[in-house]
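Structure at a glance
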Amino acid sequence: MELIQTFKKSYFLKMSDDKHLIAQVNSSQINIFENETYKHLAQFKEVSNASVFFSDASNLLLAKDNDRKLVVYDLATMSIRCKLKPKVGSSNGDGDACISHDNKYIINLGYDFPYGYISVYDIENGKETRFREDMKEVYNQIRYIPSRQLYFIDGFRRPDEGTSEKNRYFYLWFDIDNRTFEQTFCDLDDANFLYCEYLEQVLYFSENGNLAFHILPLNIELPIKHQQGCLDIQLSHNNKMIALYQDDNLKLCTFPNMEILAELSNIGYGNISFSPDDKEILIASTIKGLIYKLEKCS
């Protein structure tokens with residue numbers, strides 16, 4: 001890997017699907033850079049401690065906090081397109097959100113203690129429609145899967161109060177056109193889910209004993225130890241690489257063979273993302289933001 005760019009301490013570092021823009025987020029602002037030159041183009045301060053999500057068309061950016069702010073920015077004019085808020089008494093939660101593939105809606109994985117909900121906002125009129133408020137569930141990640149024309153959502157269902165049952169982990173397929181959900185539960189504790197488009201298969205990883213993680217149903221052991229702390233696992237877009245970011249260490253491996261391609265240590269904790277063409281990896285960490293070139297790895 002070749003280090004090609006650094007940024008100040010970053011909570012998120014993401015590249016637009018057309019590779020023209022980079023969003024770099026710190027505790028108080030969102031900075032937009034031109035990708036080729038890293039020229040600073042804009043700064044947004046409406047949402048602090050923001051999570052950010054580019055639209056598939058790369059013309060919109062969604063910023064979300066875990067309280068009550070959802071702001072959509074028009075990246076052609078570098079201005080606010082709209083502001084959205086959950087109903088009174090609710091919060092956004094810290095699950096993912098996304099802009100729908102047709103740029104018409106915002107889908108937010110919200111949370112009102114002790115349970116979550118899924119909101120669909122109309123970008124034009126701001127109307128919020130809620131789903132699954134009464135399911136006693138918590139939602140984590142959402143991703144649009146073009147080959148299936150559905151949204152892949154994961155989470156867990158809390159047990160009834162006063163019982164000794166455990167959380168039940170699941171994934172959902174959300175059809176936004178028909179507003180329907182298809183749910184599948186996984187009989188594992190603390191399961192996390194990935195969708196591999198190359199294999200057309202849902203993968204889930206969970207602890208294996210006290211020391212390791214496995215990806216199932218492929219029965220692949222990850223070259224990291226099971227331990228307390230931050231863990232971010234991301235598949236590359238072509239599904240040929242997997243990045244394992246644990247605490248302040250990163251391992252980049254082939255997938256599904258899990259041969260280690262590169263390792264970084266002492267980089268702070270945070271999150272990772274691949275560029276749309278898998279030629280770069282973007283690392284947002286508590287120390288600094290980093291972009292590494294991966295052409296020799298992929």
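Use the structure listed above.
Residues numbered from 1 in each chain as written. Predicted model: local features only at pLDDT ≥ 70, side-chain atom pairs only at ≥ 80, totals over all residues. Heavy atoms only, no water.

Glancing now at the environment of Phe-44. By the secondary structure assignment, Phe-44 is in strand S5 (residues 40–44). C-alpha separation for the pair Phe-44 and Val-25, spaced 19 residues apart in sequence, amounts to 9.5 Å. With near-sequence residues (within four places) excluded, Phe-44 lies in contact with Gln-29, Ile-30, Ile-32, Tyr-73 and Met-78. (Helix = DSSP H or I, 4+ residues; strand = E, 2+ residues; numbered from the N terminus. Contact = heavy atoms within 4.5 Å.)

For the rest of this paragraph, the subject is the packing of aromatic side chains. As enumerated under the stated definition, the model contains 17 aromatic pairs in all. Between Phe-7 and Tyr-38, the aromatic rings sit 6.4 Å apart at their centres with planes inclined by 80°, giving edge-to-face as the arrangement. Note that Phe-7 is positioned in strand S1 (residues 2–7) and Tyr-38 in the loop between strand S4 (30–34) and S5, a separation of 31 residues in sequence. Each of the two residues, Phe-7 as well as Tyr-38, counts as buried. Pairing Tyr-139 with Phe-170 gives two aromatic rings, centres 6.1 Å apart and planes at 75°, and the pair type is edge-to-face. Of this pair, Tyr-139 sits in strand S14 (residues 137–145) while Phe-170 is found in strand S16 (residues 168–175), placing the two residues 31 residues apart along the sequence. (Phe/Tyr/Trp six-rings, centres within 6.5 Å; stacked < 30°, edge-to-face > 60°. Buried < 20%, exposed > 50% of the residue type's maximum accessible area, 1.4 Å probe, protein only.)

Sheet topology places strand S2 (residues 12–15) next to strand S3 (residues 21–25); four bridges connect them, and they run antiparallel. Along S3, the bridge assignment pairs Phe-12 with Val-25. If you look at the hairpin formed by S2 and S3, you'll find five residues sitting between the two strands, and Lys-19 has a positive phi there, around 65°. (Pairing = 2+ DSSP bridges.)

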